[in-house]
Amino acid sequence: MHEQLETLLEMQDLHMQRRALEEGGVRELETGLFEMSAEEAIDALDAKISELELRLGKSIQERFRSLIGTRQRAVVPVLAGVCYGCFVAVPTSWAAEADPNEKLNVCQSCGHFQYYPT
Amino acid sequence: MQLRDFFSVDAIDLDLNTETKDETLKILVGLFHLDEKSESILFKMLKRRENLGSTGIGRGIAIPHCRSLVVNRLRVAFGRHGAGLDFKAIDEKPVHYVFLIVAPPLEVSNQYLPVLGKIAQFSKEADVPERLAAVESAEGFLQLLEEKGV
């Protein structure tokens, strides 16, 4: 897997965790059942996100920030040849590669980073 | 929605023989048969979640969980550890039963939270630790879920 794609995936997962901790259902479960301190957890997630961000090139960092800020997701899956950021078919040559995750693919239509789940 | 519908026999390991929490998480992630890189990302995310606070909820039960794009649908696994593991659980007692739940960031049917809630509900039943200890096969585990009607 492309090194920066891996970092982007991790960062997005951390952003998801962070967002979930600000919402009712997950926050309630995490603080109730698991006795987690939501505020401390959010601080820890922020610190990790900042640390990971340093691994990204400047343009990738900027694109990630812009996408996560405006559309909540920066990396989207490609399933059955369709980009789940815009539901437009990806070029067949991309999907046909032995491991499309070896490259950092950006959707030509919506601009999301793309990930091909196994 | 029944909890039993989310488990498959090949994602149940009743004879975990691991030494540590990390090793246990790796073994359980392995039950999903993802590629090596996806397994590694998932393991990292689960570890990060554990670092925010243990998912050991007491009475020998832990429910590690996270969302990640490396899975394309909700996946669950169950592992039983005879000797018990140090999971830094809330009650500081060893963990014998581990329910692993992972889901993609966005799901059409949004089952992640309800499934997590149902496992928590199941785990809180008084006789569950004892019943889980007595289960003899993966099918028996599934029958127990059915019997409990969760």
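Right, let's walk through the structure included here. Just so it is clear, the model here is predicted, and its values are computed rather than measured. Numbers given for residues are sequential positions, taken from 1 along each chain in its written order. Each chain takes a letter, starting from A, and each ligand takes a number, starting from 1, following the order in which they are written. For this predicted model, a pLDDT threshold of at least 70 governs which residues receive local features, and a threshold of 80 or more governs which side-chain atom pairs are given and counted, while totals over whole chains, interfaces and linings are taken from all residues. Side-chain calculation: all heavy atoms of the structure are included, whereas hydrogens and water are not.

### Digging into the overall build of chain A
Worth spelling out the cut-off: Helix and strand definitions here come from DSSP, where helices need a minimum of 4 consecutive H or I residues and strands a minimum of 2 consecutive E residues; each element is numbered from the N-terminal end. The buried label goes to any residue with under 20% of its type's maximum accessible area, the exposed label to any with over 50%, and the partly exposed label to all in between, with areas taken from a 1.4 Å probe on protein chains only. Contact definition: two residues touch when any of their heavy atoms are within 4.5 Å. In this tally Asp and Glu are treated as negative and Lys and Arg as positive; neither His nor the chain ends contributes. In this description, the location of a charge corresponds to atom NZ of lysine, CZ of arginine, CG of aspartate or CD of glutamate.
Scanning chain A from terminus to terminus reveals 5 helices and 3 strands. Start at the N end of chain A and walk to the C end: the helices and strands fall as α-α-α-α-β-β-α-β. Overall, the C-alpha framework of chain A stretches about 50 × 30 × 25 Å when taken along its three principal axes. Considering chain A as a whole, with its 118 residues, one finds that 50% of them fall into the buried category. In chain A, once contacts between residues fewer than 6 apart in sequence are set aside, the share between residues at least 24 apart is 61%. Here chain A contributes 11 positive and 19 negative side-chain charges, whose respective centroids are spaced 9 Å apart.

### Comments concerning the environment of Tyr115 of chain A
On the secondary structure map, Tyr115 of chain A appears in strand E3 (residues 113-115). By relative accessible area, which is 0% here, Tyr115 of chain A ends up buried. The spatial distance from the C-alpha of Tyr115 of chain A to the C-alpha of Ser59 of chain A is 18 Å, given a sequence separation of 56 residues. Tyr115 of chain A has contacts with Met1, Leu5, Leu9, Val75, Val76, Pro77, Val78 and Asn101 of chain A together with Ser38, Leu69 and Val70 of chain B, leaving out every residue within four places of it along the chain.

### Observations regarding the nonpolar core
Definition in use: Take the buried Ala, Val, Leu, Ile, Met, Phe, Trp, Tyr and Cys residues and link them wherever side-chain atoms come within 4.5 Å; each set so joined is a nonpolar core.
With 49 residues, the main nonpolar core has Leu9 and Val75 of chain A together with Leu42 of chain B as its most contacted residues. Secondary structure elements with two or more residues in this core: helix H1 (3-22), helix H3 (38-53), helix H4 (58-71) and E3 of chain A together with helix H1 (21-30), helix H2 (36-52), strand E5 (75-85) and strand E6 (95-103) of chain B. The residues contacting Leu42 of chain B, other than those within four sequence positions of it, are Val29, Phe32, Leu34, Cys66, Ser68, Val70, Val71 and Val102 of chain B. Grouped together as the second largest cluster of nonpolar side chains are 33 residues, Leu3, Phe99, Leu116 and Ala120 of chain B included.

### Topic: the sheet that holds strand E1 (residues 75-79) of chain A
Residues and elements named next belong to chain A. Stated formally: By the convention used here, strands pair only if DSSP detects at least 2 bridges between them.
What the 3 strands build is an open sheet, ordered E2-E1-E3; its pairing is mixed. The sheet is open, and its two borders are formed by strand E2 (82-83) and E3, each paired with just one other strand. For E1 and E3, the ladder comprises 3 bridges, and the chain directions are parallel. What sits directly across from Pro77, in E3, is Tyr115.

### Section: the side chain of Arg80 of chain B
All names here are of chain B. Counted only if it meets this: Salt bridges are counted wherever a side-chain nitrogen of Lys or Arg sits within 4 Å of a carboxyl oxygen of Asp or Glu. What qualifies as a polar contact is a pair of N or O atoms within 3.5 Å, subject to a donor-acceptor requirement within protein and to the restriction that residues adjacent in sequence count only when both atoms come from side chains.
Along the chain, Arg80 turns up in strand E5. Salt bridges are absent for the buried Arg80, whose nearest opposite-charge side chain, Asp15, sits at 4.7 Å. A distance of 3.2 Å separates the side chain of Arg80 from the backbone oxygen of Ala133, its partner in a polar contact. Those residues in contact with Arg80, other than ones at most four positions away along the chain, are Asp13, Leu14, Asp15, Leu16, His96, Tyr97, Leu132, Ala133, Ala134 and Val135.

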